[in-house]
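# Residue-level structure breakdown
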Amino acid sequence: MSPARGAAARCAAPRVRVAALALLLVAPGAAPLAAGQPAPWPATLRFEDDHAALGEACRERAFPPCVKRRTVAGGLRVSLGGELALRFEGQRDARFGALFEGADLTTLQRGFVFVDLEAGVHWRAYVQLNGTAAQGRRSGLREVDRTGLEWQNAFVEWRDPAGRAGLRAGAQELRIGGGRLVDTREGLNVRRSFIGARGWAPLGAWRIDAIDLRPKLEEAGDFNDGRDPTQRLRGA
């Protein structure tokens with residue numbers, strides 16, 4: 001085989017390989033019910049978790065401790081939780097044969113803790129602190145690989161007792177429908193978050209949502225991700 005044909009054959013061969021993938025999920029409160037019924041699985045947007053059901057699931061558990069909708073004072077209820085994810089990526093010649101760069105290994109870490117406070121039946125405050133880090137990637141780390149410590153969700157919410165109508169203002173993740181248009185970007189190490197307001201209300205058999213949000217910037221460093229002035233998401 002001539003050198004030219006040998007080079008063409010190398011370029012035609014697949015160049016991207018996934019070497020390993022590992023995910024560790026820690027979901028406080030996700031223990032089975034005493035009667036053997038499984039607890040609800042954590043939601044994609046963790047502020048949509050059913051904390052009442054999770055609290056029932058772990059009420060009899062001594063360790064690890066579980067704090068879900070515990071009344072602390074004056075009708076104020078508190079829920080605590082967190083999550084930890086560890087992922088390994090392996091690629092070979094990731095630029096599809098344009099350059100023969102060899103193996104490229106990346107380690108990605110993501111974790112968060114949250115506090116959910118409910119006051120009465122109408123008011124709620126939710127704060128979620130995220131931390132992301134990454135090592136490796138020969139071509140250089142990307143914005144979606146790490147941002148340090150950031151407030152992923154930090155909002156105040158008013159809602160009616162049934163939860164059918166409400167208004168949420170602050171930093172918040174957003175998923176519309178099946179996530180084809182707007183989603184949290186779960187597949188990447190840094191999930192997408194927005195800053196602004198979202199309201200919803202029933203209209204017969206329908207639900208109307210109104211949003212006015214800007215995506216958060218993803219900067220390296222701690223507590224420095226502001227609003228993106230070049231993009232805005234508005235609609236109903």
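The model shown is predicted, which means the values in this text are computed figures rather than measured ones.

## Section: the packing of aromatic side chains
- Going through the model one piece at a time under the given rule, you end up with six aromatic pairs.
- The interplanar angle of 85 degrees and the centroid separation of 5.1 Å between the aromatic rings of Phe47 and Phe155 together place this pair among those described as edge-to-face. Placement of Phe47 in the loop between helix H1 (3-12) and helix H2 (51-57) and of Phe155 in strand E5 (residues 148-159) is noted, with a sequence separation of 108 residues between them.
- Taking the centre distance of 6.4 Å and the plane angle of 35 degrees together, the rings of Phe112 and Phe114 count as tilted. In this structure, Phe112 and Phe114 share a single accessibility class: buried.
- Taking NZ or CZ as reference, Arg168 lies 5.1 Å from the ring centre of Phe155, over its face.

## Some details on the confidence of the model for the protein
- Across the protein, pLDDT averages 79, with 77% of residues at or above 70.
- Per-element mean pLDDT across the protein ranges from 41 in H1 up to 96 in strand E6 (residues 166-172).

## Some remarks on the pairing of E6
- Among the seven residues that make up E6, five are buried, leaving the element largely enclosed by the rest of the structure.
- Pairing of E5 with E6, which is carried by six bridges, proceeds in the antiparallel orientation. If you follow Arg159 over to E6, its bridge partner there is Gly166.
- Between E5 and E6, which pair antiparallel one after the other, the connecting turn spans six residues, and Gly163 there sits at a positive phi close to 75 degrees.

## As for the pattern of salt bridges
- One pass over the full model with this rule turns up 22 salt bridges.
- Ionic pairing is found between Arg142 and Asp145, a salt bridge with its closest N-O pair at 3.0 Å.
- Taken together, the salt bridges that share partners define one network made up of Arg69, Arg77, Asp116, Glu118, Arg124, Glu157, Arg159 and Arg168.

Here is what the cut-offs are and how they apply
Residues numbered from 1 in each chain as written. Predicted model: local features only at pLDDT ≥ 70, side-chain atom pairs only at ≥ 80, totals over all residues. Heavy atoms only, no water. Phe/Tyr/Trp six-rings, centres within 6.5 Å; stacked < 30°, edge-to-face > 60°. Helix = DSSP H or I, 4+ residues; strand = E, 2+ residues; numbered from the N terminus. Buried < 20%, exposed > 50% of the residue type's maximum accessible area, 1.4 Å probe, protein only. Lys NZ or Arg CZ within 6 Å of the ring centre and 35° of its normal. pLDDT = per-residue confidence, 0-100. Pairing = 2+ DSSP bridges. Salt bridge = Lys/Arg side-chain N within 4 Å of Asp/Glu carboxyl O.

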